[in-house]
Amino acid sequence: MNQRARIAMSDDDVAAFLQESRKLQLATINQDGTPHLVTMFYAMDAGRIAFWTYGKAQKTRNLDRDPRVSCLIESGDDYAELRGVLVYGVAEPIDRTLDIGMEIARRMTPGVPDELLREYVEHTGKKRTAFVVEPTKVVSWDHRRLS
């Protein structure tokens with residue numbers, strides 16, 4: 001078995017890793033073809049990555065033009081601890097902005113009552129758009145499997 005196969009996560013491991021993590025690196029494509037890379041908090045929606053962002057943000061303008069994305073979720077500080085999932089996909093706008101916003105807010109601030117989060121989400125949600133990522137390819141690694 002080659003090293004790449006040894007470190008790949010199972011589908012269940014990928015799902016658990018995505019569920020336990022809170023932020024990702026989102027890459028969209030600028031008009032000139034260069035990558036636009038930002039850190040985003042995210043939620044899971046029916047097994048798919050979901051995020052929200054301001055309607056006038058650069059990433060939103062990029063996604064309106066070209067919906068292809070890469071999402072990197074990673075952890076670990078030393079080589080032997082590195083774990084990650086790279087999701088290539090297509091970001092699709094959805095009309096459940098406040099629902100996605102609530103899920104993200106819950107993940108960002110565990111233990112805060114929903115009534116407090118709802119005020120924030122409803123206020124900022126007026127200017128935001130939500131997206132889900134339909135994966136086209138998923139790559140994963142867990143270097144802890146090498147020991």
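Residues numbered from 1 in each chain as written. Predicted model: local features only at pLDDT ≥ 70, side-chain atom pairs only at ≥ 80, totals over all residues. Heavy atoms only, no water.

Student: Sorry if this is basic, but what is going on with the nonpolar core here?
Tutor: Nonpolar side chains in soluble globular proteins tend to end up buried together. Of all hydrophobic cores here, the largest spans 21 residues; its most connected members are Leu24, Leu26, Ile49, Phe51, Cys71 and Ile73. Of all the secondary structure elements, the ones that give two or more residues to this core are helix 2 (11-20), strand 1 (23-29), strand 2 (35-41), strand 4 (48-54), strand 5 (68-75), strand 6 (83-94) and strand 7 (128-142). Membership of the second largest hydrophobic core comes to twelve residues, among which are Ala50, Ile94, Met102 and Val121. (Core = buried A, V, L, I, M, F, W, Y, C linked by side-chain atoms within 4.5 Å. Buried < 20%, exposed > 50% of the residue type's maximum accessible area, 1.4 Å probe, protein only. Helix = DSSP H or I, 4+ residues; strand = E, 2+ residues; numbered from the N terminus.)

Student: Can you walk me through the packing of aromatic side chains in this structure?
Tutor: Two aromatic rings, taken as a pair, are described by how far apart their centres are and by the angle between their planes. Counted by the stated rule, this structure contains one aromatic pair. Seen from their ring centres, Phe51 and Phe131 are 5.4 Å apart, and the 20° between their planes marks the pair as stacked. Linking Phe51 in strand 4 with Phe131 in strand 7, this pair joins segments that are 80 residues apart in sequence. Judged on exposure class, the residue Phe51 and its partner Phe131 are both buried. Over the ring of Tyr42 we find Arg107, and its NZ or CZ is 4.7 Å from the ring centre. The lysine or arginine in question, Arg128, covers the ring of Trp52, its NZ or CZ lying 4.2 Å from the ring centre. (Phe/Tyr/Trp six-rings, centres within 6.5 Å; stacked < 30°, edge-to-face > 60°. Lys NZ or Arg CZ within 6 Å of the ring centre and 35° of its normal.)

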